[in-house]
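Report on the structure
Residues per chain, in single letters:
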Amino acid sequence: MVMADTKISALTELTAPVSGDWVPIVDTSAGATKKIDWVAIKTVVDVVDYGADPNGVADSKAAIDLAVNAAGNYGAVYFPDGTYLVNSTVTITNAGVKLYCNTLRSAIINFSPSSSSSCFKFDLPQSPGAVSNLWFLSSDTTYVKKAIEMIDGSDFHIEGVRI
């Protein structure tokens, strides 16, 4: 993709990506020199289309796993407004995945594990990714819980998240 020189901070935020949108990815793996590549979002998937329950009654973990896998590398996983019960860790190994909701904190992730764990675990070294406009809740104080865990991640973007 060819684009005029523009500061990253001057770019318009992509809050509702669709397949084919281009997003900047900053690669810092080459050391101190930063290289910016443009990557097309390949797929945008809706967690409800994969069986997630936006009413917070049924565990949506399996449906979110399916949606993340369907999104693939540099895909976006959309959470419509609602409450999503998640009882165990969703592990994300695809590069550049964005989890998002369009409206600030109108998608609530009710994380209720049966042991100490993370809700979303991004486990792909040196991979960018993003979480935007999600609200993490848990009323259980029995276990240690992490909303977002990154394993050797880089260039990760978190915006509009409430924990």
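Above: the structure in question.
Below is a summary of the structure that appears in this document.

Calculation notes
- Residues numbered from 1 in each chain as written.
- Predicted model: local features only at pLDDT ≥ 70, side-chain atom pairs only at ≥ 80, totals over all residues.
- Heavy atoms only, no water.
- Buried < 20%, exposed > 50% of the residue type's maximum accessible area, 1.4 Å probe, protein only.
- Helix = DSSP H or I, 4+ residues; strand = E, 2+ residues; numbered from the N terminus.
- Pairing = 2+ DSSP bridges.
- 1 Å grid on protein atoms, 1.4 Å probe; cavity = no way out; pocket = protein on both sides within 12 Å on 5 of 7 lines; lining within 4 Å.
- Points joined across faces, edges and corners; volume = space filled by probe spheres on them.
- Nonpolar A, V, L, I, M, F, W, Y, C, P; charged D, E, K, R; others polar.
- Axes fitted to C-alpha atoms, helices over the stretch in contact; angles between N-to-C directions.

On to the pairing of strand S12 (residues 134-137). Side chains Leu134 and Phe136 project from S12 onto a buried face, and the interleaved Trp135 and Leu137 project onto a face without burial. The pairing of strand S9 (residues 107-111) with S12 spans four bridges and is classified as parallel. Directly across from Ala107, in S12, lies its bridge partner Leu134.

This paragraph deals with unusual backbone geometry. Phi at Tyr74 is positive, roughly 60 degrees, even though this residue is not glycine. Summarising the element assignment, Tyr74 is placed in the loop between helix H1 (61-71) and strand S5 (76-78). Notably, Asn133 is not glycine yet its phi reads approximately 65 degrees, a positive angle. Among the secondary structure elements, Asn133 is positioned in the loop between strand S11 (129-132) and S12.

Looking now at empty space enclosed by the protein. The final tally for this structure, using the stated rule, is one cavity of 30 Å³ or more. Roughly 60 Å³ of volume is contained in the largest cavity. Together, Ile92, Asn94, Phe122, Asp123, Leu124, Ser127, Pro128, Met150, Ile151, Gly153 and Phe156 line the largest cavity. Residue classes in the lining of the largest cavity are distributed as seven nonpolar, three polar and one charged.

Reading across from one edge, S3-S5-S8-S11-S14 is the order of the five strands in this open sheet, with parallel pairing throughout. Two strands in the sheet have a free side with no partner beyond their single neighbour: strand S3 (44-46) and strand S14 (156-159). Strand after strand, the sheet turns through a mean of 10 degrees between neighbouring axes, direction not considered. As paired elements, S5 and strand S8 (residues 98-100) share three bridges and run parallel to each other.

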